[in-house]
Amino acid sequence: MKRLAILASGSGSNAEKIMAHFQHSEKAEIALVASNKAEAFVLERAKKFGVPTFTFTRKEMDAGTLLEKLQSENIDWVILAGFLLKIPVDLIRAFPDKMVNIHPALLPKYGGKGMYGNFVHEAVKAAGDTETGITIHLVNENYDEGRIVFQASTPLTSADTPESIADKVHALEHKHFPEIIDGLL
Ligand code: GAR
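Rules used throughout
Every residue gets a number counted from 1 within its own chain, in the order that chain's sequence is written. This being a predicted model, a pLDDT of at least 70 is required before a residue's local features are given, and a value of 80 or more before pairs of side-chain atoms are given or counted; all residues contribute to the totals for chains, interfaces and linings. Each side-chain value is derived from all of the structure's non-hydrogen atoms; neither hydrogens nor water enter the calculation. Numbered from the N terminus, helices here are DSSP runs of H or I no shorter than four residues, and strands are runs of E no shorter than two. Atoms counted for the radius of gyration: C-alpha only. Globule rule: 2.2 Å times residue count to the power 0.38. When a residue's accessible area, from a 1.4 Å probe over protein chains only, is under 20% of the maximum for its type it is buried; when over 50% it is exposed; and in between it is partly exposed. Whether two residues touch is decided by their heavy atoms; if any such pair falls within 4.5 Å, the residues are in contact. Using a 1.4 Å probe, accessible areas were evaluated by the Shrake-Rupley method; residue-level cover was limited to the displayed protein chains. Patch membership requires more than 30% relative accessible area and the absence of a salt bridge. Residues of like charge join within 9 Å; the nonpolar side chains Val, Leu, Ile, Met, Phe, Trp and Tyr join within 5 Å. We define a salt bridge as a contact between a side-chain nitrogen of Lys or Arg and a carboxyl oxygen of Asp or Glu at a distance within 4 Å. When charges are counted, Lys and Arg contribute as positive and Asp and Glu as negative, whereas His and the chain ends are disregarded. To locate a charge, the coordinates of NZ of Lys, CZ of Arg, CG of Asp or CD of Glu are taken. Pairing between two strands requires that DSSP report at least two bridges joining them. Axis lines are fitted through C-alpha atoms, for helices just across the contact stretch, and the angle between N-to-C directions can take any value from 0 to 180 degrees. We call a residue near a molecule or strand whenever a single non-hydrogen atom of that residue lies within 4 Å of it. Whenever two N or O atoms come within 3.5 Å, that pair is a polar contact, provided that in protein one can donate a hydrogen and the other can accept it, and provided that, for residues adjacent in sequence, both atoms are side-chain atoms. The pocket and cavity definitions rest on a 1 Å grid over protein atoms only: a 1.4 Å probe that fits but cannot leave marks a cavity, an open set with protein on both sides within 12 Å along at least five of seven lines marks a pocket, and residues lining either have an atom within 4 Å of a point. Cavities and pockets are treated as containing a molecule whenever more than half of the molecule's atoms lie within 2 Å of their grid points.

*Asks:* Even after reading the chapter, I still don't get the overall build of the chain, so can you show me in this structure?
*Replies:* Broken down by element type, the chain carries seven helices and seven strands. Listing the helices and strands of the chain from first to last along the sequence gives β-α-β-α-β-α-α-β-α-β-α-β-β-α. Over its C-alpha atoms the chain spans a radius of gyration of 16 Å, differing by no more than 12% from the 16 Å that the globule rule assigns to 185 residues. Overall, the C-alpha framework of the chain stretches about 50 × 35 × 30 Å when taken along its three principal axes. Evaluated residue by residue, the chain yields a buried proportion of 49% over its 185 residues. Considering only contacts in the chain between residues 6 or more positions apart, those separated by 24 or more positions represent 65%. Accessible area of the chain: about 9,100 Å², with a carbon and sulfur share of 50%.

*Asks:* What is the right way to read a positive patch on the surface from this model?
*Replies:* Judged by side-chain charge, K37, R58, K86 and K113 come together as a positively charged surface patch. Tracing the chain through its elements places R58 in helix 3 (residues 58-62).

*Asks:* What's the story with the sheet that holds strand 1 (residues 2-7) in this structure? I'm lost.
*Replies:* The pairing of strands in a sheet happens through backbone hydrogen bonds and is either parallel or antiparallel. Pairing is mixed in the open sheet, where seven strands are placed in the order 3-2-1-4-5-6-7. The open sheet has two edge strands with one neighbour each: strand 3 (53-55) and strand 7 (148-155). For this sheet, the mean angle separating the axes of adjacent strands, direction not counted, is 20°. Where strand 2 (residues 28-35) lies against strand 3, three bridges are found, and the strand directions are parallel. Bridging across to strand 3, S35 finds its partner in T55.

*Asks:* Sorry, what's going on with unusual backbone geometry here?
*Replies:* Most peptide bonds adopt trans geometry, and most residues besides glycine take a negative phi value. Each neighbour pair has its own omega, and for L107 with P108 the value is 15°, a cis peptide bond. Structurally, P108 can be placed in the loop between strand 5 (99-103) and helix 6 (117-127). Positive phi outside glycine occurs at D97, with the angle close to 60°. In this structure, D97 sits in the loop between helix 5 (89-94) and strand 5.

*Asks:* Looking at this model, I keep getting lost on the site of the ligand. Mind explaining?
*Replies:* As a structural note, the neighbourhood of the ligand is formed by 13 residues, with G12, S13, N14, G117 and E173 the closest of them. At 2.9 Å from an oxygen atom of the ligand is found a side-chain nitrogen or oxygen belonging to N14. In the model, an oxygen atom of the ligand is placed 2.8 Å from a nitrogen or oxygen of the G117 main chain. In the complex, the protein chains occlude 92% of the 450 Å² of accessible area that the ligand would expose alone. The cavity that encloses the ligand is the largest pocket.

Purely geometric numbers; function is a separate question.
Printed below as a string of structure tokens:
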């Protein structure tokens, strides 16, 4: 049985889909949901599934607290589902090819510093793009540049707003992210 940890900073709609997907799996279990925000809704979602939670500050993460927790919980895979802090290099190195991120755009477009959540959808709208999508990739030391495992796209029209773009992207994420993680294990 593989032990997965989900790191998330916000609502956790992706985390919820992943927890639901693996709820009765014989292959893997979600052993921990960890967040840098004590008030993040993802923690409520975890409780609903009976998944243990862990919160930490950026300072604690940078000092190694999160890595220690993941190691003490014997975590095999780390899933970033809307985790918005830069991950320390030693944490990335502790999970080589075993850390997966979802990015709400078609990388290499709209990646890098400051490109997360609604900032991405606003940039896509401002550029007048006719499509956007999702990228699921392994995490290496250059954050948004790890090996791409999966991409899916969705068409956009000039009537789309950053909010409707976010809805379309979330729908793609919810549909594909759990399956792609399952396939990677
Ligand atoms: C998701 O759209 C995810 O792709 C994005 O944050 C959202 C979290 O939503 N991640 C990033 O922007 C990372 N660069 P959720 O909390 O409802 O799952």
